[in-house]
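Analysis of the macromolecular model
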Amino acid sequence: MFKFLEQLGNYFLLLKKVFSKPEKPYVYYKQTMHEMVFLGFNSVGIITVISFFMGAVITLQTAYNTENPIYPTYLIGLGCRDSILLEFSSTITGLILAGKVGSSIASEIGTMRVTEQIDALETMGVNSASYLILPKIIATIVFNPFLTLISISVGIVGGWIAGTSAGVITSQDYIYGIQYAFIPYYVTYAIIKTLVFAFIITTVSAFHGYKVEGGSLEVGQASTKAVVHSSILILLFNVILTQLLLS
Amino acid sequence: MIRVIKLNKSFNDQPVLSDISVTFEPGKTNLIIGRSGSGKTVLLKSIVGLHEIDNGEIWYDDILFNKLDFKGKKEIRREIGMLFQGSALFDSLTVEQNVKFPLDMFTEKSEEEKVDRVNFCLARVNILNANKLLPSELSGGMKKRVAIARAISLNPKYLFCDEPNSGLDPLTAILIDELIKELTEEYSMTTIVNTHDMNSVMKIGEKIIFLSDGIKCWEGSNKEILNSDNIPLNDFVFANALAKQLRSSLKQG
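In what follows, the accompanying structure is described. (Residues numbered from 1 in each chain as written. Chains lettered and ligands numbered in written order. Predicted model: local features only at pLDDT ≥ 70, side-chain atom pairs only at ≥ 80, totals over all residues.)

Section: the overall build of chain A
When its secondary structure is counted, chain A shows nine helices and zero strands. With respect to the three principal axes, the spread of C-alpha positions in chain A is 70 × 40 × 35 Å. Out of the 247 residues belonging to chain A, those deemed buried represent 45%. Within chain A, contacts between residues separated by at least 24 positions form 88% of all contacts whose residues are at least 6 apart in sequence. (Helix = DSSP H or I, 4+ residues; strand = E, 2+ residues; numbered from the N terminus. Buried ≥ 20, exposed ≤ 12 C-beta atoms within 10 Å, placed from the backbone. Contact = placed C-beta atoms within 7 Å.)

Shown next as structure tokens:
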């Protein structure tokens, strides 16, 4: 318990150091653009593939669970849309990014720590925490909502292709279903969750990387901790945000 | 000039440095020598503020460094160049970007001026036509020289080198030593070098302090070191067979 509180305190102290005035805004801007490509744009591929199959599976599962003729078939499209919007695109994308981006951030910063690159920054008079972490936070907070929107779109398309190919729903019914009783607030809800998850993934992973002591073994352990802790926090905040935003 | 007065540092209640007092003079190559684990790196990192000291004073000219806040330390650190044991070049940046980094962060120079300065610093350390290479494409000696170029890019008043010869062959090590000495004299820097390489000690050690188990045991120059009667120092200096032979020859006259 004491160790947990100590870690929590260190996490907030690191955040305080991160959110201080940048030395040279232009250098930070360049770094942020680089991180947007590295952490955001480079994740488009994996998000697209996962979302496509996610949408396909949701559609097929919904179809096989609503085979009763009482239910109109357009409900398959509606169910697919709402599942993707409310849960899968933001949460599953968050968990995937916790694995991909989180481990990358923790190992990058951890390696910089054990190879004295962070010490080199500090010796120069650079606020290493701010220089290394702030651009990553900004990049993921700006870019991840786009990833979620891509995930939603691709998931719905995946559901449509799978549903019509398997013959469980007609194209017309699916399109009617995804338009039926649409609540725009669900998109806002998904984006809010994405923003919180992006912040969790980046800061928790950066914290584990920044606090590494030792060598390559410890960097690996930090990377694993980053993924595990980010994923647990994403699931925890998923519950909290759902209660706060949908109740 | 850097003055250290009664510096103490411990980790988890285990003392690592005890009552270290020493003055490092400008324009001279000051060496901290000692066995592995004697506290050399801790002392160097304490002087640059990477380790918080338990008590004592660290003066940069007339500024009490260890009592400064983060902003105050930042100002001093802009006058510090440091060469780390593993070079600590930024992996994702090219040689040119590494050397240009301090200029980007702390100067208002135009891009052209910065590139000129980078080329000057790289030429000064004899690195030519390597601007676009990544650190992973460089040899150990080249990495050290690029790290020196980065350390001097802002014309520092103080240069710190943590085991600059580690992992280098003897000839490259001599080149690095000579470069450090030349730069120190050229820019009148206060240079502090951590080493356990006796070649460096004899070649560039204008002022030497010897640490043993975190205690300063001896202070002098490379001219005095061979004639010292300090036992821990003699054990360190004459540790290898060649040095032992040399010592017995000296004793026999």
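Description of the interface of chain B and chain A
The accessible area lost on association of the parts is a frequent measure of interface size. Taken together, the contact pairs 14 residues of chain B with 13 residues of chain A. Where the side of chain B that touches chain A is concerned, the elements lending two or more residues are helix H2 (70-77), strand E6 (80-83) and helix H3 (95-106) of chain B. The element contributing the most residues to the side of chain B that touches chain A is H3(B), with three residues.

Side note on the sheet that holds E6(B)
The strands making up a sheet associate through backbone hydrogen bonding, with each pair oriented either parallel or antiparallel. All names here are of chain B. Strand order in the open sheet formed by six strands is E6-E7-E8-E3-E9-E10, with mixed pairing between adjacent strands. Only two strands of the sheet have a single partner each, and these edge strands are E6 and strand E10 (215-220). Within this sheet the neighbouring strands show an average axis-to-axis angle of 15°, counted without direction. The pairing of strand E7 (residues 158-162) with strand E8 (residues 190-195) spans five bridges and is parallel. Across the sheet, the residue bridging to Phe-160 is Ile-192, located in E8. (Pairing = 2+ DSSP bridges. Axes fitted to C-alpha atoms, helices over the stretch in contact; angles between N-to-C directions.)

Describing the sheet that holds strand E2 (residues 14-24) of chain B
All names here are of chain B. The strand order across the open sheet built from four strands is E2-E1-E4-E5, with neighbouring strands paired in antiparallel fashion. The sheet is open, and its two borders are formed by E2 and strand E5 (63-64), each paired with just one other strand. Here strand E4 (residues 55-60) pairs with E5 via two bridges, running antiparallel. Its bridge partner lying in E5, Tyr-60 is registered against Ile-63.

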